[in-house]
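Summary of the model geometry
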Amino acid sequence: MCKHVLNAQVAIRSHCCKKWFDCAECHAEKEDHPLMKKAEMIFACKKCKKVFRKDGTDWDESDEYCPYCDNHFVIDALTPKAELRVEMEDPRIDNRALKDERVAGEGEKILFSLHDQQASKLG
Ligand SMILES: [Zn+2]
Ligand SMILES: [Zn+2]
Ligand SMILES: [Zn+2]
C-alpha cells in the first residue's frame, strides 16, 4: 500500500531497475531515472502474494483479475489528490502529470496510467 494509490491491489515490477513499486509515482520519488514501460508487465498480487505476467497489448476483461485468487486489481485509483482538487491548485501536481505523459507508452493505459489520468483531470 503506498501513499499515492490507497487501494493498490498489486505491486508492479519496473523493467528499468527491477524493483517493486505500487505505482509510477513511487518510482519517480525513489529513483532518479524515468520509468521504463513495456507491454509485458509483471505484477505481484497483494492478496495472495503470487507473481504473474500480463501483456498490456493483449488485454481483455479477464486480465483485470489475479489468475490465482481472482482479486480484481484493475480499479480506479483511490488517491489522496482527489481531496486537493477542491482546496487548492497545487502546481506540483500539474508538473508531475506533464512529466508522466512524456514517459507514457502508446496504448498502455493500465494501472500505471490510471493514476496519471486522475492527475491530468486536475489541470
Ligand atoms: Zn526504475
Ligand atoms: Zn505510490
Ligand atoms: Zn491474487
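Fair warning: this is a prediction, and the values are worked out from it, not measured in the lab. (Residues numbered from 1 in each chain as written. Chains lettered and ligands numbered in written order. Predicted model: local features only at pLDDT ≥ 70, side-chain atom pairs only at ≥ 80, totals over all residues.)

1. So, the confidence of the model for the protein chain
- For the protein chain, the mean per-residue pLDDT works out to 78, and 65% of the residues sit at or above 70.
- The low-confidence segment residues 83-88, where pLDDT is below 50, has two contacts with residues more than four positions distant or belonging to other chains.
- Throughout residues 102-110 the model reports pLDDT below 50, and contacts reaching past four residues in sequence, or to other chains, amount to 15 contacts. (pLDDT = per-residue confidence, 0-100. Contact = placed C-beta atoms within 7 Å.)

2. A look at the pairing of strand 4 (residues 51-55)
- Alignment of strand 3 (residues 40-45) against strand 4, held across five bridges, turns out to be antiparallel. Each residue of the ladder has a partner; that of Met41, found in strand 4, is Lys54.
- What sits between strand 3 and strand 4 in their antiparallel hairpin is a turn of five residues, with Lys49 showing a positive phi close to 65°. (Pairing = 2+ DSSP bridges. Helix = DSSP H or I, 4+ residues; strand = E, 2+ residues; numbered from the N terminus.)

3. A word on the environment of Tyr68
- Counting through the fold element by element, Tyr68 comes out in the loop between strand 4 and helix 2 (81-87).
- The class of Tyr68 is partly exposed, set by 13 C-beta atoms lying within 10 Å.
- For the pair Tyr68 and Val51, spaced 17 residues apart in the sequence, the C-alpha separation amounts to 9.1 Å.
- Setting aside residues no more than four positions away along its own chain, Tyr68 makes contact with Cys45, Cys48, Lys50 and Phe52. (Buried ≥ 20, exposed ≤ 12 C-beta atoms within 10 Å, placed from the backbone.)

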